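Listed below are the residues making up each chain.
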Amino acid sequence: MHTLKKFIHYYGPYKAVFFLDLICATIISLVDLAYPQILRTCTNTLFTKSSSSILSALLPIAAGLLIMYLIQSLCKYYVSYQGHMMGAYMERDMRQQLFDHYEKLSFSYYDQNNSGQMMSKLVSDLFDIAEFAHHGPENLFISVIKIIGSFIFLFLINWKLAIPLLFLVFCMFAFSMSQNRRMQSTFMENRKKIGDVNSRLQDTLAGIRVVQSFANEDVEKEKFRKSNHNFLLSKDANYKITRPRTTRVIGNWTYTWLGLSDENYEKLKAFWKKVRTSEEFEFKNYTDGKTYRCRFVDKFSFRLDYPIGWYGSLQFEEV
């Protein structure tokens, strides 16, 4: 908690950018939530009327959706550019503060700590601070809005189907938290191993005259090989945890075409009628004369945000 409070302190000079970033993230989330509800309402009301009524209403609906997505695009641009720059500024500030602190430390600190490890804390460990500072609060904020908003709509549509989904989300949350703890330990070990590689490299290159004078090249090669192999092992442990179980966010709304038999379609239609949903409609393709059934769905999955940036802030606080 102390580290988190210290980290929040670095948002101070960029409060305006940070809060505007959250406002833009809110607009992005609300547009994503509104679009399927607009289509659902149109499916239940407008698409059941005559073709002339549908055609007369399409232009204002399309204009409204276009304005929504133009606003959302501008918000995404701000979040992508200014949000990342805010994180980069914070990374710069932390790196400068850490360097200034290194200049004030006593000789005993340098006797006890390898300079290669100190270089890693100053350079590579802070690389992901920019992403963490930007995407951490933003993704948390967007996820809370989308999950709460989605379940409000789900309970309004049918609470019997919403309860199992709510239980599933809690299970996914518990799984993500357990994975986060495992990943954090592997990422910390990974950063330490790359620090060892930097230390071994610096020691060898700094004393290259002595190494070559005493023909110790093979000894130094073996030392570096061990450090490099240990880093490989830490990467292997990292991938074993993250890759098989990690999914990526899919933020695109899409149409799913259902090629069903008439019998299965009637069963599905009866189910939709029972749960009071109607996110499906029929249309006729005039090129081949066939009638197609279309259902609007959202691909929904979770992303496990890697705690690399958080580890960088822990290394910063350690010094």
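Treat the numbers as computed from the prediction; the structure is a model and nothing was measured.

Each value, and the rule that gives it
- Residues numbered from 1 in each chain as written.
- Predicted model: local features only at pLDDT ≥ 70, side-chain atom pairs only at ≥ 80, totals over all residues.
- Heavy atoms only, no water.
- Axes fitted to C-alpha atoms, helices over the stretch in contact; angles between N-to-C directions.
- Helix = DSSP H or I, 4+ residues; strand = E, 2+ residues; numbered from the N terminus.
- Parallel < 35°, antiparallel > 145°, perpendicular 65-115°, else oblique.
- Left-handed = near helix turned anticlockwise from the far one by under 90°.
- Contact = heavy atoms within 4.5 Å.
- Nonpolar A, V, L, I, M, F, W, Y, C, P; charged D, E, K, R; others polar.
- Patch = residues over 30% accessible without salt bridge, like charges linked within 9 Å, V, L, I, M, F, W, Y side chains within 5 Å.
- Areas by Shrake-Rupley, 256 points an atom, 1.4 Å probe, with all protein chains shown as cover.
- Salt bridge = Lys/Arg side-chain N within 4 Å of Asp/Glu carboxyl O.
- Buried < 20%, exposed > 50% of the residue type's maximum accessible area, 1.4 Å probe, protein only.
- Polar contact = N/O pair within 3.5 Å; in protein donor to acceptor, adjacent residues only side chain to side chain.
- Expected span 1.5 Å × (residues − 1).
- Bend = angle between axes of the 7 residues up to and from the residue.
- Core = buried A, V, L, I, M, F, W, Y, C linked by side-chain atoms within 4.5 Å.
- Phe/Tyr/Trp six-rings, centres within 6.5 Å; stacked < 30°, edge-to-face > 60°.
- pLDDT = per-residue confidence, 0-100.

## Observations regarding the packing of helix α2 (residues 15-44) against helix α6 (residues 129-157)
So, step 1. One can describe the packing of α2 onto α6 by two numbers: an axis separation of 9 Å at closest approach and a directional angle of 25°. Accordingly, the angle class assigned to the pair α2 and α6 is roughly parallel. When the axes of α2 and α6 are compared, the crossing they make is right-handed. Residues F18, D21, L22, A25, T26, S29, D32, L33, Q37 and R40 of α2 form the contact with α6, whose participating residues are H134, P137, E138, F141, I142, I145, K146, G149, S150, F153 and I157.
So, step 2. Residues of the contact of α2 with α6, tallied by class, amount to 10 nonpolar, six polar and five charged.

## A look at a nonpolar patch on the surface
So, step 1. A contiguous nonpolar surface patch, about 510 Å² in accessible area, is contributed by L140, V144, I148, I152 and L156.
So, step 2. By secondary structure assignment, the location of V144 is in helix α6.
So, step 3. On the basis of relative accessible area, V144 is assigned to the partly exposed category, the value being 41%.

## Regarding the side chain of S29
So, step 1. Within the secondary structure layout, S29 lies in helix α2.
So, step 2. Classification of S29 as buried rests on a relative accessible area of 0%.
So, step 3. Side-chain polar atoms of S29 contact the backbone oxygen of A25, separated by 3.0 Å.
So, step 4. Among residues more than four places away in sequence, those in contact with S29 are I142, I145 and K146.

## Structural notes on helix α3 (residues 51-104)
So, step 1. With 54 residues, α3 should reach 80 Å at 1.5 Å per residue; the first-to-last C-alpha distance of 77 Å fits that figure.
So, step 2. Along α3, the helix axis deviates most sharply at L58, where the bend reaches about 35°; the proline P60 sits within four residues downstream.

## Structural notes on the nonpolar core
Nonpolar side chains tend toward joint burial in soluble globular proteins.
So, step 1. Among the nonpolar cores identified, the biggest contains 17 residues, and F7, Y11, M86, M90, M94 and Y102 are the most heavily contacted of them.
So, step 2. Of all the secondary structure elements, the ones that give two or more residues to this core are α2, α3, α5 (115-122) and α6.
So, step 3. Per-element tally for this core: the top contributor is α3, with five residues.
So, step 4. Filtering out sequence-adjacent residues up to four positions away, M86 remains in contact with Y11, Y14, V17, F18, A133 and H134.
So, step 5. In this structure, C24, I28, C75 and V79 belong to the second largest nonpolar core, which totals five residues.

## Details of the packing of α5 against helix α7 (residues 159-206)
So, step 1. Between α5 and α7, the least distance of the axes is 7 Å, while the angle of their chain directions is 130°. Comparing the axis directions of α5 and α7 gives the class oblique. Where α5 crosses over α7, the handedness of that crossing is right-handed. Contact residues: α5 offers S115, G116, Q117, M119 and S120, while α7 offers K192, I194, G195, D196, N198, S199 and Q202.
So, step 2. The residue makeup of the contact of α5 with α7, split by class, is two nonpolar, eight polar and two charged.

## Let's talk about the packing of aromatic side chains
So, step 1. Per the stated rule, a full pass over the model turns up seven aromatic pairs.
So, step 2. For the pair F7 and Y11, a centre-to-centre distance of 5.8 Å together with 85° between the ring planes defines the contact as edge-to-face.
So, step 3. In this structure F7 comes out as buried when scored by relative accessible area, which is 4%.
So, step 4. Overall, the relative accessible area of 9% leaves Y11 in the buried class.
So, step 5. Summarising the aromatic geometry, the rings of Y109 and Y110 are spaced 5.9 Å apart at their centres and angled 90° between planes, so their arrangement reads as edge-to-face.
So, step 6. Residue Y109 is classed as buried on the basis of its relative accessible area, which comes to 17%.
So, step 7. Accessibility expressed as a relative area gives 32% for Y110, which makes it partly exposed.

## Overview of the confidence of the model for the chain
So, step 1. When pLDDT is averaged along the chain, the result is 76, and 75% of the positions lie at 70 or above.
So, step 2. The spread of mean pLDDT over the elements of the chain runs between strand β1 (residues 253-257), the lowest at 38, and α3, the highest at 89.
So, step 3. Ignoring residues within four places in sequence, the model shows residues 294-307, a span with pLDDT below 50, making 56 contacts including any to other chains.

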